[in-house]
Amino acid sequence: MDKVFHHQIGRNMEIYVDDMVAKTTQERSHCDDLQEIFEQIRAYKMRLNPEKCAFGVQGGKFLGFMLTSRGIEANPEKCEAILNMKSPKTIKEVRQLAGRVAALSRSALVIETGKMHQPVYVVSRVMQPMKQRYPKIEQLALTLVITARRLRHYFQSHTIIVRTNQPLRQILTKPELAGRLTKWSIELSEFDIQFQPRSALKAQIFADFISELTSDEHNKYWELHVDGASSQGGSGAGIILKEEDNMVAEQLLQFYFPASNNQAEYEALKARLKLALNLQVQSLTAHCDSLLVVQQIRGEYQVKDPLLERYWLVAKDLISKFSSFIILHVHREKNVRANILSKLAATRGDTQTSVLSQLTLKKPSIELLSITSINHLHGWRTPFLEYINTGTVPKDDLNPQNFRRKASLYTSIAGELYKRGISQALLKCLNTDEAREVMDEVHEGICGNYIGGRALAAKIVRTGYFWPTMKRDCITKVKTCDKCQKHEAVSTKPADVLHSMEVSWPFHRWGLDILGSFPIAPGQVKFLLVSIDYFSKWIEAQPLAKITAEKHHFSSVEHPQTNGQAEATNRVILQAIKRKLDNAKGEWAELIPEILWSYNTTIQTTTGETPFKLVYGSEALIPVEVGIPTIRTELYDEQHNTCTRNAELDLVEEDREITAIKQRAMKQLAARKLNSKVVPRAFSNDDLVLRRTEDVRRPPSHGKLAANWEGPF
């Protein structure tokens, strides 16, 4: 709106947000001004609400003020509300009013005509607690910024003179400003603001109405009369509070607990001191007929009774809050009214009448201290210090000779226990609390970087500290540190021992796996189904065009993990295919028989035999023996070969048993090697555990700094 009507603002128009007022000093030019304004509205295709428009008005409200031919005037309704404001009558209301005024960020815009000052606008705002902690000069700058935002139309069309005794101009024009002051300085630079020293408060917008509305009561003279009584029928106290010669409060206290006369006197004095403070009494004179209480309050008598000493401390604390306090001893005949009230309270029933104000105390206002016998627990340093100083061996030590040997490693310096060390000449011995503080600081303090338990213990020793369970405590500290656990590296060590599968004859157990996808080969095949016999290591493979299933079977979440034999076979086949192929990647399916034949006729490490021999009972004749004949091909005799073949088939079971023994031996060797690296991780019911954070659950904004574990669960 300021940009649309920037030519009219201040001349014949005033705008604040969506409120607009067309003003004219002369009636004959009013229509011309309206025509100019309407043309500007049409140019920007704006529309006005007819119900909110009024023309030919001699005066009216605008932004809470009255606009008339005489100028800007205060709103009579708001003035009446201030004049009819209810005066605060209690200390709580006065404090509330004072807090509201103190929390206001306020300023006033004033028109200066000659020696006359006329208020135009008052801006006030309640500061948030955070902004109340700003320095005074920043609070003043914030007040100016808030005023400029509220009265932007005035600041844009007029020269603003800021009168203050604070160096606001010097602060806002300093080149080395930083933070919010720089922001405010840039925001105020668009206005024509001049700073002048404040000579006199000619236009005081906010009067000090607290002092006007609050009566000056602290200079008045107050008197307090108290008396306590105790008998077999009960105990109580009488209280009279006077303002000069006027009776303000007359009250009796009835105690539902046994109390002595002096205790009743203190209870009555304590209750009325609190009442006087609530009434903002500054000068008080107390009258009491108990000489002991009077002399104790004056400090002339020493308080020996522990119970009365606690009453005395509370009473002295309350008395210190008065600017003037005098306590006088009066004879009982001069304290008749308070004495009657105390006796009445001691003998009165539970029922109350409207004549007197009665309060009942069901228990003493001072809690009684109970002393119980407890066993004094010595720290681990105490026996060594006693032995070094007095030579006394603890009576409960079962091995005095061993204790003397340990004590020889310690020495006492200025009452502190030190241990003779190897890495350091002397190590200061710490108690449990000190040790916990040192561990926290070294592990996660300013110079700590969350090191491991053993490294933490070594670092503390190098620093010069010692306690007997240092290593164990440091390891426990790291294990219970939430940040250390969540950012711990993912362990690759096995959590359980190796469980071997028992396979004793060929084709007892097979492993299946799918390898692919490959480049499309003849027959539109691109997958390879691989199966391996766990006993003989015999491999079968079949290229497939697609993988389908008529019915899917889902296994449970917990299932036995296989030994990875099928995956290892896949790697062997894949490496062989890569090495045999050159650029013709689509011929991979034709090479599968060659690769399988080569693998099945190669001796395996775990069995010591070829898969072909374990399946068929004899070694296969490989193609190279045909091209370059060997002895068994040159001396081939069919009849002799048949007899030898039958004998091999009869003995093949023995060869398979030997192979099974070799496999069990290899499995035991592998299990022994893997089990040596096992770090057991066992969980019980109701244990809190951390779960490894997968990549999909890591916050994208954390990047490399994301935690490896999440939880606990």
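Refer to the structure above for everything that follows.
How each quantity is defined
- Residues numbered from 1 in each chain as written.
- Predicted model: local features only at pLDDT ≥ 70, side-chain atom pairs only at ≥ 80, totals over all residues.
- Heavy atoms only, no water.
- Pairing = 2+ DSSP bridges.
- Helix = DSSP H or I, 4+ residues; strand = E, 2+ residues; numbered from the N terminus.
- Axes fitted to C-alpha atoms, helices over the stretch in contact; angles between N-to-C directions.
- Parallel < 35°, antiparallel > 145°, perpendicular 65-115°, else oblique.
- Left-handed = near helix turned anticlockwise from the far one by under 90°.
- Contact = heavy atoms within 4.5 Å.
- Nonpolar A, V, L, I, M, F, W, Y, C, P; charged D, E, K, R; others polar.
- Core = buried A, V, L, I, M, F, W, Y, C linked by side-chain atoms within 4.5 Å.
- Buried < 20%, exposed > 50% of the residue type's maximum accessible area, 1.4 Å probe, protein only.
- 1 Å grid on protein atoms, 1.4 Å probe; cavity = no way out; pocket = protein on both sides within 12 Å on 5 of 7 lines; lining within 4 Å.
- Points joined across faces, edges and corners; volume = space filled by probe spheres on them.
- Salt bridge = Lys/Arg side-chain N within 4 Å of Asp/Glu carboxyl O.

A. Molecular detail of the sheet that holds strand β16 (residues 410-413). Ordered in space as β16-β17-β18-β19, the four strands form an open sheet in which the pairing is mixed. Edge positions in the sheet fall to β16 and β19 (465-466), since each of these pairs with one other strand and no more. Alignment of strand β18 (residues 426-429) against β19, held across two bridges, turns out to be parallel. By the bridge assignment for β19, Lys428 is matched with Tyr465.

B. Focus on the packing of helix α10 (residues 261-278) against helix α12 (residues 306-319). Running from N to C, α10 and α12 point in directions that differ by 20°, and their axes come no closer than 10 Å. The angle between the axes of α10 and α12 places the two elements in the roughly parallel class. Crossing of α10 against α12: the hand is left-handed. When α10 is examined against α12, the residues Asn262, Gln263, Tyr266, Glu267, Lys270, Leu273, Lys274 and Leu277 are found in contact with a partner set consisting of Leu307, Leu308, Tyr311, Trp312, Val314, Ala315, Leu318 and Ile319. Grouping the constituent residues of the contact of α10 with α12 by class yields 11 nonpolar, two polar and three charged.

C. Inspection of the sheet that holds strand β20 (residues 510-521) at higher detail. In space, the three strands of this open sheet follow the order β20-β21-β22, with antiparallel pairing throughout. Of all strands in the sheet, those with a lone pairing partner are β20 and β22 (539-544), marking the two edges. When strand polarity is set aside, the average angle formed by the axes of neighbouring strands in this sheet is 20°. Bridging between β20 and strand β21 (residues 525-533) involves eight bridges; their strand directions are antiparallel. In the strand pairing of β21, Leu515 is matched with Leu528. Contacts between helix α20 (residues 565-580) and the sheet are confined to β20, β21 and β22, with β20 contributing the most and set at about 30° to the helix. This element, helix α21 (residues 592-600), spans β21 and β22 of the sheet and lies at about 170° to β22.

D. Structural detail: the nonpolar core. With 25 residues, the main nonpolar core has Leu456, Ile460, Trp467, Met470 and Cys474 as its most contacted residues. If you list the elements that add at least two residues to this core, you get α14 (382-390), α15 (400-407), β18, α16 (432-444), α17 (453-463) and α18 (470-479). Those residues in contact with Cys474, other than ones at most four positions away along the chain, are Met439, Gly453, Leu456, Ala457 and Ile460. Core analysis: the second largest hydrophobic core is formed by 23 residues, Val503, Ile532, Ile573 and Ile595 among them.

E. A look at the layout of surface pockets. By volume, the second largest pocket amounts to about 1200 Å³. Lining the second largest pocket we find 32 residues, and of these Lys479, Cys484, Gln485, Glu488 and Arg681 sit closest to its centre. Mapped onto the lining of the second largest pocket, the elements with two or more residues apiece are α17, α18 and α19 (482-486). If you tally residues by element for the lining of the second largest pocket, the top one is α19, at five residues. Class assignment of the residues belonging to the lining of the second largest pocket gives a composition of 17 nonpolar, six polar and nine charged.

F. Looking closely at empty space enclosed by the protein. By the definition in use, this model includes two cavities of 30 Å³ or more. Empty space within the second largest cavity amounts to approximately 30 Å³. For the lining of the second largest cavity, the class distribution of residues is three nonpolar, one polar and three charged.

G. Representation of the pattern of salt bridges within the structure. Under the criterion given, the structure shown has 15 salt bridges. In this structure, Glu190 engages Arg152 in a salt bridge whose closest nitrogen and oxygen atoms are separated by 3.1 Å. Of this pair, Glu190 sits in the loop between α8 (180-188) and β9 (193-196) while Arg152 sits in helix α6 (residues 152-157); the two residues are 38 residues apart in sequence, bridging distant segments of the chain. A relative accessible area of 31% means that Arg152 is categorised as partly exposed. In this structure, Asp440 and Lys477 form a salt bridge, with 2.7 Å as the shortest nitrogen-oxygen distance. Taken together, the positions of Asp440 in helix α16 and Lys477 in helix α18 put the pair 37 residues apart, joining distant regions of the chain. Taking the relative accessible area as the measure of exposure, Asp440 reaches 27% and is therefore partly exposed. Among the charged side chains, a network of salt bridges with common partners joins Asp440, Glu444 and Lys477.

H. Geometry of the pairing of β16. In terms of strand pairing, β16 meets strand β17 (residues 416-420) through four bridges, oriented antiparallel. Looking at the pairing, Ile413 lines up with Glu416 of β17. With antiparallel pairing between neighbouring strands as the criterion, β16 and β17 make up a hairpin whose turn holds two residues, including Ala414 at a positive phi of roughly 55°.

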